[in-house]
Amino acid sequence: MMELSALEGLRLTAVTAALFTHESDAPELLHVWLHLETTTVVVRDTADWALCVVPDEPGDGYTMEELGSRVDIVPAPAEVPFIWHVGERLVQVSKGFDPDDPTQWVGAEFIFETGRVIAQAFGGDLRLSHASP
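These remarks concern the structure in this document. (Residues numbered from 1 in each chain as written. Predicted model: local features only at pLDDT ≥ 70, side-chain atom pairs only at ≥ 80, totals over all residues. Heavy atoms only, no water.)

### Quick look at the pattern of salt bridges
Under the criterion given, the structure shown has 3 salt bridges. Where Arg70 meets Asp72, a salt bridge forms, and the shortest distance between an N and an O atom there is 2.8 Å. Taking the relative accessible area as the measure of exposure, Arg70 reaches 35% and is therefore partly exposed. Residues Arg116 and Glu109 are paired through a salt bridge, measuring 2.5 Å at the closest nitrogen-oxygen approach. Judged by relative accessible area, Arg116 falls into the partly exposed class, the value being 26%. Given the relative accessible area of 19%, Glu109 is considered buried. (Salt bridge = Lys/Arg side-chain N within 4 Å of Asp/Glu carboxyl O. Buried < 20%, exposed > 50% of the residue type's maximum accessible area, 1.4 Å probe, protein only.)

Next comes the structure, spelled out in structure tokens:
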């Protein structure tokens, strides 16, 4: 398992997103890759609704024609709060745990030079929010 502290001090250079689209619905964020100076990590939720941050590289998008769905791997759209911190150093990363099950990692706070991004695994969805420093 990767220690999140290994990411501290690295500059965020780009953000890639996996967007799930079903038929004509609006795309939904599945997960994001943070491209840092010396490594790339994916931020995603897992099948057991935990949060996962591990080294990984984005792959190719794919379609599920039988379901009328697709997953596109694209540069992250502007509403992904990590975008606001491209070019900044990651100052600190901390884990957040489920209060009902302290062994279940369900969130992380990414502190950058000008603000924070909160990532949460919530009911099978990845939720990202921005907070002031």
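### Re the packing of aromatic side chains
Enumeration according to the criterion identifies 2 aromatic pairs in this entry. Between Phe82 and Phe110 the ring centres are 5.1 Å apart and the planes differ by 80°, which places this aromatic pair in the edge-to-face class. Here Phe82 is found in the loop between strand 6 (69-75) and strand 7 (90-98), whereas its partner Phe110 is found in strand 8 (residues 101-112), with 28 residues between them in sequence. Grouping residues by exposure puts Phe82 and Phe110 together as buried. Here Phe82 and Phe112 contribute two aromatic rings whose centre-to-centre distance is 6.3 Å and whose plane-to-plane angle is 80°, an arrangement assigned as edge-to-face. (Phe/Tyr/Trp six-rings, centres within 6.5 Å; stacked < 30°, edge-to-face > 60°. Helix = DSSP H or I, 4+ residues; strand = E, 2+ residues; numbered from the N terminus.)

### Some words on the sheet that holds strand 9 (residues 116-122)
The sheet built from 4 strands is open, its strands ordered 7-8-9-10 with antiparallel pairing. Here the strands that pair on one side only, and so sit at the sheet edges, are strand 7 and strand 10 (125-131). The mean angle between the axes of side-by-side strands here comes to 25°, regardless of whether they run parallel or antiparallel. Bridge analysis of strand 8 against strand 9 gives 5 bridges, and the strand direction is antiparallel. Its bridge partner lying in strand 9, Ala108 is registered against Ala119. (Pairing = 2+ DSSP bridges. Axes fitted to C-alpha atoms, helices over the stretch in contact; angles between N-to-C directions.)

### Observations concerning the environment of Asp56
Mapped onto the fold, Asp56 is located in the loop between strand 4 (51-55) and strand 5 (62-64). Accessibility expressed as a relative area gives 33% for Asp56, which makes it partly exposed. Separated by 44 residues in the primary sequence, Asp56 and Leu12 have C-alpha atoms spaced 15 Å apart. With residues near it in sequence (within four places) discarded, Asp56 still touches Trp33, Thr40, Val41 and Val42. Within the local environment of Asp56, its side chain forms a polar contact with the side chain of Trp33, the two groups lying 2.9 Å apart. (Contact = heavy atoms within 4.5 Å. Polar contact = N/O pair within 3.5 Å; in protein donor to acceptor, adjacent residues only side chain to side chain.)

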